[in-house]
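Given next are the chains, with one letter for each unit.
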Amino acid sequence: LQERARELAVLETLDNGKPIRESRDVDVPLAAAHFFYHAGWADKLRYAVPGAVNGYDPQPLGVAGQVIPWNFPLLMLAWKVAPALACGNTV
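Throughout, residues of each chain are indexed from 1 in the direction in which the sequence is written. Given that the model is predicted, a residue must reach a pLDDT of at least 70 before its local features are reported, and side-chain atom pairs must reach 80 or more before they are shown or counted; all residues, however, enter totals for whole chains, interfaces and linings. Note that the side-chain values use all heavy atoms of the structure and ignore hydrogens as well as water.

Novice: Lay out the nonpolar core in plain terms, naming residues and giving numbers.
Specialist: What we call a nonpolar core is a set of buried Ala, Val, Leu, Ile, Met, Phe, Trp, Tyr and Cys residues that are connected through their side-chain atoms within 4.5 Å. Burial status follows relative accessibility: with a 1.4 Å probe on protein chains alone, a residue under 20% of its type maximum counts as buried, one over 50% as exposed, and anything between as partly exposed. Ranked by size, the top nonpolar core spans six residues in total: Ala9, Val28, Ala31, Leu74, Leu75 and Ala78. Each residue touching leucine 75, except ones within four places of it in the same chain, is listed here: Asp27, Leu30, Ala31 and His34. Contacts are residue-level and defined by heavy atoms, with any inter-residue pair within 4.5 Å sufficient.

Set out below in structure tokens:
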């Protein structure tokens with residue numbers, strides 16, 4: 001996301017009709033930050049549940065269906081897809 005931030009901002013603007021400044025300065029950096037944050041949790045999930053460290057190994061649930069509304073599509077995609085992928089699910 002960070003490598004192609006400029007392209008994604010243009011696509012977000014074309015797709016949603018919002019100003020390029022909002023896409024470039026808000027939506028794309030926040031989406032990248034969400035993916036970065038949740039990627040950091042991927043190897044810490046077994047410690048996320050208090051008292052479950054002893055022998056507890058969280059398992060993915062499988063396929064997670066996500067509904068992405070039309071407003072702020074890239075940012076809402078990041079809110080839904082990043083945690084699901086970090087937990088080992090497919091989307």
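Next, the rest of the story.
Novice: Can you lay out the side chain of lysine 18 for me, pointing to particular residues and giving the numbers?
Specialist: Put simply, DSSP marks the helices as runs of H or I at least four residues long and the strands as runs of E at least two long, and each gets a number from the N terminus on. The residue lysine 18 is located in the loop between helix 1 (5-16) and helix 2 (20-41) in this model. For lysine 18, a relative accessible area of 9% gives the class buried. When residues no more than four places from it in sequence are discounted, the contact partners of lysine 18 are Glu12, Thr13, Ser23, Asp27 and Phe72.

Novice: Tell me about helix 2, and name the residues and values.
Specialist: For an α-helix, the turn length of 3.6 residues means that residues three or four places apart are oriented alike. For helix 2, spanning 22 residues, the distance from its first C-alpha to its last is 31 Å, which sits close to the expected 32 Å at 1.5 Å a residue. Two axes define the bend at a residue: one fitted to the seven residues ending there, one fitted to the seven starting there, and the bend is the angle between them. Largest kink in helix 2: about 25°, centred on aspartate 27, with the proline proline 29 one to four residues after it. Taken residue by residue, helix 2 has Ser23, Asp27, Val28, Ala31, Ala32 and His38 as its buried positions. Check the buried side of helix 2 and you find it contacts helix 1 and helix 3 (73-86). In this analysis, the expected span of each helix is defined as 1.5 Å times one less than the number of residues it contains.

Novice: Any chance you could break down the side chain of histidine 38 for me, citing the residues and the numbers?
Specialist: On the secondary structure map, histidine 38 appears in helix 2. A relative accessible area of 17% places histidine 38 in the buried class. Not counting residues up to four positions away in its chain, the partners in contact with histidine 38 are Ala82, Pro83 and Ala86.

Novice: Please give an account of a nonpolar patch on the surface that cites residues and values.
Specialist: Nonpolar side chains collect at one region of the surface, where Val10, Leu11, Leu14 and Ile20 lie side by side and expose about 380 Å² of accessible area between them. A per-element tally of the nonpolar patch places helix 1 first, with three residues. Here leucine 11 is to be found in helix 1. Using a relative accessible area of 53% as the deciding quantity, one classes leucine 11 as exposed. Patches draw on residues past 30% relative accessible area with no salt bridge. Two like charges within 9 Å are joined, as are two nonpolar side chains (Val, Leu, Ile, Met, Phe, Trp, Tyr) within 5 Å. The Shrake-Rupley method, run with a 1.4 Å probe, gives the accessible areas here. Residue values count only the displayed protein chains as cover. Within this document, salt bridges are pairs made up of a side-chain nitrogen of Lys or Arg and a carboxyl oxygen of Asp or Glu, the two lying within 4 Å of each other.

Novice: An account of the pattern of salt bridges is requested, with residue identities and associated values reported.
Specialist: For the structure on display, the rule yields six salt bridges. Between aspartate 27 and lysine 18 there is a salt bridge; the shortest N-O distance is 2.4 Å. Here aspartate 27 and lysine 18 have matching classes, each one buried. Of the charged contacts in the structure, one is a salt bridge between arginine 21 and aspartate 25, with a shortest N-O distance of 3.8 Å. Of this pair, arginine 21 and aspartate 25 both sit in helix 2, four residues apart, roughly one helical turn. Since its relative accessible area comes to 42%, aspartate 25 is described here as partly exposed. One network of salt bridges, in which partners are shared, links Lys18, Glu22 and Asp27.

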